[in-house]
Every structure is written in structure tokens, then in C-alpha cells.
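Architecture and fold: a report
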Amino acid sequence: MATGRGEVVAEKAYRLAEDRFLANDIAGALRAAREAQRLFRALPGLANAVTAYEVHAAAATSRASGRNWYAILAVGDRSATTSSRHATYESLKKQYRRLCLVLHPDKNRCAAADGAFKLLRQAWDELSLRHRPGAAAAPPVSRPPPPKPWGFPCPGQCARCGTKFTATVYVGTWHLRCDACHTYTMVYVKSADLATTGISFCLN
């Protein structure tokens, strides 16, 4: 039972995350769950739910060459799809076991847990064949840091009070919180100059 205001608002954000996931909006579910973490990190079950959403988000970014199993297992070179220089059988197994404890439906009651656990098993089955026990990882290669994603100030405004949003966004769908009236609005960002607003809701 929630007692503090931050915990109450976090619970509402967590419920929104579950609703977004069930509506097949994985990115929206992850954003709402991370907002719940920001509000009240100790909310029971929330950390495990975020991990489950992250697994689904990694699976959703699959390429034509196949799923990025490294990203799903969150180990090694997460940008790689067919190999990873830094992963070993031992590191993969350790991460797999750690995530099993987090994602198993008996331990994780969120809507994303069952599917995330199945994806985890598939990732382990695939990667354990690529990395044999006792094989050493390739020496690390010096690489420049990846470029930061480019963003721009949101061109939209609050559907309730008309205040312009200040958040940095990219093209896509966002749930943004108004700094003035604290209402959340669904914003469809089409470009740096164009955005339309949808439904608004309040978590207060």
C-alpha cells in the first residue's frame, strides 16, 4: 500500500507502464516505468519490470540480419548481432543466470515478464553456441565513443494549459510532463518544427 505522495504517483506511472505494454507500446512502457523509478525507486517489483521492458525493447530493435541477442542478454558488445569481442561463455552464463532470477514469472509479476523470460532463454540458446566454454574473448579494440543521439526542443505545447514543453525529444511518440500544470500529454513529434498533441492525463 502506497503511503507517500511520491510513491502514489510512482504507482500510477507503473500502472501506466503496464497499460502501455499491453497496448504493444514498449517504448512508452519503458518511459513510464523509468519515470516511476525517478519518482520512487524502491517501489516493489518496479526494478524487475524495467528489466523486462528493456529485454522487449532490445528485441524490438531487431535488424534484417536477425535479433541482437547480445542486447537482449545485455552483455558484451550490444551493437553486435553476429559476434562480440568481449563476451565469453562464462560472462554470458553469469549474466543469463542473473537475469533468470529477475525475469522468471515466479519472481516478476509484470505483464512483460513471461515474454522477456522466453526471449532470455532464446538468447542464451543462441549465444552459448557461439561462445564455447573456456574460449577467451578477443582483445579489446580501441574505438571512439559512439555519437550521442541528436535531439531538439519539443515543438509542442501542453494540451491542458498551452505551456510549451522544454524536454529534448526526437521524432516519435512521447508522454511529456508539463512544467506548469504537471499534466502528462501524449505528443506526436513529426519534426523539429511540428508536433501534435493527443490525450492528456494527470498522475497527481
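Looking at an unreviewed UniProt entry, one finds the protein chain named J domain-containing protein and attributed to Oryza meyeriana var. granulata.

1. So, the packing of helix α3 (residues 46-60) against helix α5 (residues 89-103)
Between α3 and α5, the least distance of the axes is 9 Å, while the angle of their chain directions is 115°. Pair α3 / α5 crosses with left-handed handedness. Counted together, Asn 48, Thr 51, Ala 52 and Val 55 of α3 and Leu 99, Val 102 and Leu 103 of α5 form the full contact between these two elements.

2. Quick notes on the packing of aromatic side chains
Considering all chains together, one arrives at three aromatic pairs under this definition. Residues Phe 21 and Tyr 53 carry aromatic rings whose centres are separated by 5.9 Å and whose planes lie at 35° to one another, so their mutual orientation is tilted. Of this pair, Phe 21 sits in helix α1 (residues 5-22) while Tyr 53 sits in helix α3, placing them 32 residues apart in sequence. Judged on exposure class, the residue Phe 21 and its partner Tyr 53 are both buried. Considering the side-chain rings of Tyr 89 and Trp 124, the 5.5 Å spacing of their centres and the 55° angle between planes classify their relative orientation as tilted. Of this pair, Tyr 89 sits in helix α5 while Trp 124 sits in helix α6 (residues 113-130); the two residues are 35 residues apart in sequence, bridging distant segments of the chain. Under the relative-accessibility criterion, Tyr 89 is labelled buried at 17%. Among the aromatic residues, those joined into a cluster by ring pairs are Tyr 89, Tyr 96 and Trp 124. Lying over the aromatic face of Trp 174, Arg 31 brings its terminal NZ or CZ to 5.1 Å of the ring centre.

3. Brief notes about α3
In an α-helix, one turn spans 3.6 residues; hence positions three or four apart end up facing the same way. Helix length check: α3, at 15 residues, gives a terminal C-alpha distance of 21 Å against a target of 21 Å (1.5 Å per residue), a fit within 8%. Those residues of α3 that fall on the buried side of the exposure criterion are Leu 46, Ala 49, Val 50, Thr 51, Ala 52, Tyr 53, Val 55, His 56, Ala 58 and Ala 59.

4. Quick notes on unusual backbone geometry
The backbone phi angle of Ala 74 is positive, close to 55°, even though this residue is not glycine. Locating Ala 74 in the fold gives a position in the loop between α4 (69-73) and α5. Exposure remark for Ala 74: the relative accessible area of 24% places this residue in the partly exposed category. Positive phi, normally seen in glycine, also occurs at His 182, with a value near 65°. Of note, His 182 is situated in the loop between β3 (172-177) and β4 (183-189). You can call His 182 partly exposed: its relative accessible area is 32%.

5. A closer look at the nonpolar core
Considering soluble globular proteins, one finds that nonpolar side chains tend to be buried as a cluster. Ranked by size, the top nonpolar core spans 45 residues in total, and within it Tyr 14, Tyr 53, Ile 72, Leu 73, Leu 103 and Leu 120 carry the most contacts. Only α1, α2 (26-39), α3, α4, α5 and α6 provide two or more residues apiece to this core. Leaving out residues up to four positions away in the same chain, Leu 73 has contacts with Leu 92, Gln 95, Tyr 96, Leu 99, Leu 120, Ala 123 and Leu 127. Ranked by size, the runner-up nonpolar core spans 12 residues in total, among them Phe 165, Val 169, Leu 176 and Ala 195.

6. Some points on the packing of α1 against α2
For the pair α1 and α2, interaxial distance at closest approach is 8 Å and the crossing angle is 170°. It follows from the interaxial angle that α1 and α2 lie roughly antiparallel. Taking contact as the criterion, the partners of Gly 6, Val 9, Ala 10, Ala 13, Tyr 14, Leu 16, Ala 17, Arg 20 and Phe 21 in α1 are, on α2, Ile 26, Gly 28, Ala 29, Ala 32, Ala 33, Ala 36 and Leu 39. Taken together, the residues of the contact of α1 with α2 sort by class into 13 nonpolar, two polar and one charged.

Cut-offs applied
- Residues numbered from 1 in each chain as written.
- Predicted model: local features only at pLDDT ≥ 70, side-chain atom pairs only at ≥ 80, totals over all residues.
- Heavy atoms only, no water.
- Axes fitted to C-alpha atoms, helices over the stretch in contact; angles between N-to-C directions.
- Helix = DSSP H or I, 4+ residues; strand = E, 2+ residues; numbered from the N terminus.
- Left-handed = near helix turned anticlockwise from the far one by under 90°.
- Contact = heavy atoms within 4.5 Å.
- Phe/Tyr/Trp six-rings, centres within 6.5 Å; stacked < 30°, edge-to-face > 60°.
- Buried < 20%, exposed > 50% of the residue type's maximum accessible area, 1.4 Å probe, protein only.
- Lys NZ or Arg CZ within 6 Å of the ring centre and 35° of its normal.
- Expected span 1.5 Å × (residues − 1).
- Core = buried A, V, L, I, M, F, W, Y, C linked by side-chain atoms within 4.5 Å.
- Parallel < 35°, antiparallel > 145°, perpendicular 65-115°, else oblique.
- Nonpolar A, V, L, I, M, F, W, Y, C, P; charged D, E, K, R; others polar.

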